[in-house]
Amino acid sequence: MAEMTLTVIPVLITTLIVIFVWTLWRKNQEKKAGFAVVDERTALNEGKAARITVMATGYFMLGLLYYVFVSENYELGLPILETAWALIIAVLFNSILYIGLRWHFERKVDLV
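Read on for an overview of the structure. (Residues numbered from 1 in each chain as written. Predicted model: local features only at pLDDT ≥ 70, side-chain atom pairs only at ≥ 80, totals over all residues. Heavy atoms only, no water.)

**As for the overall build of the chain**
Summing up its helical and strand segments, the chain has three helices and zero strands in all. Secondary structure elements of the chain, listed N to C terminal, follow the sequence α-α-α. Relative to its length of 112 residues, the chain is extended, with a C-alpha radius of gyration of 20 Å against a globular reference of 13 Å. Reported as C-alpha extents along the three principal axes, the dimensions of the chain are approximately 60 × 45 × 15 Å. Counting only residues that meet the buried cut, the chain has 10% of its 112 residues in that class. A separation threshold of at least 6 residues defines the contact pool for the chain, and within that pool the share at least 24 residues apart is 71%. For the chain, the accessible surface area stands at approximately 9300 Å², while carbon and sulfur atoms represent 72% of it. In the chain, 10 positive and 10 negative side-chain charges are present, and the distance between their average locations comes to 14 Å. (Helix = DSSP H or I, 4+ residues; strand = E, 2+ residues; numbered from the N terminus. Rg over C-alpha atoms; globule rule 2.2 N^0.38 Å. Buried < 20%, exposed > 50% of the residue type's maximum accessible area, 1.4 Å probe, protein only. Contact = heavy atoms within 4.5 Å. Areas by Shrake-Rupley, 256 points an atom, 1.4 Å probe, with all protein chains shown as cover. Lys, Arg positive; Asp, Glu negative; His and termini not counted. Charge placed at Lys NZ, Arg CZ, Asp CG, Glu CD.)

Here is the structure:
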């Protein structure tokens, strides 16, 4: 298990760096070609998705906080949530919610 972790983590970090550099390079090429990087509709969609994500993530984190408090202080038989897993769950919730909301608002015709 430890050997797998030692190989998976550097591969994931390298993959993320490569994707980040490729995305920056692609956006720079589009900007040089004269394309609009972000149009008004995309900016509105991303802003609306970001506002909803910030609020929902705040409430989700409060829910995790209450769950941790209840599971550690009361004998209800709930599994105790470790800090690392709580962070992983929160980051995944935040990322997936934002991507899902952006996708939903891009497909939606009416912006109101």
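That was the structure; now back to the text.
**Quick notes on helix 2 (residues 40-73)**
The α-helix winds at 3.6 residues per turn, so residues separated by three or four positions along the chain end up facing the same way. Over its 34 residues, helix 2 extends 49 Å from the first C-alpha to the last, a length consistent with the 50 Å expected when each residue adds 1.5 Å. Restricting attention to buried positions, one finds in helix 2 the residues Asn45, Ala49, Thr53, Thr57, Leu64 and Ser71. The inward-facing, buried residues of helix 2 contact helix 3 (83-107). (Expected span 1.5 Å × (residues − 1).)

**Re the packing of helix 2 against helix 3**
Direction vectors running N to C along helix 2 and helix 3 enclose 150 degrees, while the axes themselves pass 8 Å from each other. Our classification of the angle between helix 2 and helix 3 gives roughly antiparallel. Every pair of crossing elements has a handedness; the one defined by helix 2 and helix 3 is right-handed. (Axes fitted to C-alpha atoms, helices over the stretch in contact; angles between N-to-C directions. Parallel < 35°, antiparallel > 145°, perpendicular 65-115°, else oblique. Left-handed = near helix turned anticlockwise from the far one by under 90°.)

**Looking at the packing of aromatic side chains**
Scanning all chains against the criterion turns up two aromatic pairs. When the ring of Phe69 is compared with that of Tyr74, the centres are 6.2 Å apart and the planes differ by 85 degrees; the resulting orientation is edge-to-face. What makes Phe69 partly exposed here is its relative accessible area of 45%. On the basis of relative accessible area, Tyr74 is assigned to the partly exposed category, the value being 48%. (Phe/Tyr/Trp six-rings, centres within 6.5 Å; stacked < 30°, edge-to-face > 60°.)

**Quick word on a nonpolar patch on the surface**
Taken together, the side chains of Ile9, Ile13, Ile17, Phe20, Val21 and Leu24 define a hydrophobic patch exposed on the protein surface, amounting to about 580 Å² of accessible area. Counting through the fold element by element, Phe20 comes out in helix 1 (residues 2-32). Taking relative accessible area as the criterion, Phe20 reaches 52% and is therefore assigned exposed. (Patch = residues over 30% accessible without salt bridge, like charges linked within 9 Å, V, L, I, M, F, W, Y side chains within 5 Å. Salt bridge = Lys/Arg side-chain N within 4 Å of Asp/Glu carboxyl O.)

**A word on the environment of Trp22**
Considering the arrangement of structural elements, one finds Trp22 in helix 1. By relative accessible area, Trp22 is classed as partly exposed at 47%. In the structure, Trp22 is positioned 40 residues away from Leu62 in sequence and 36 Å away in space, judged by C-alpha atoms.

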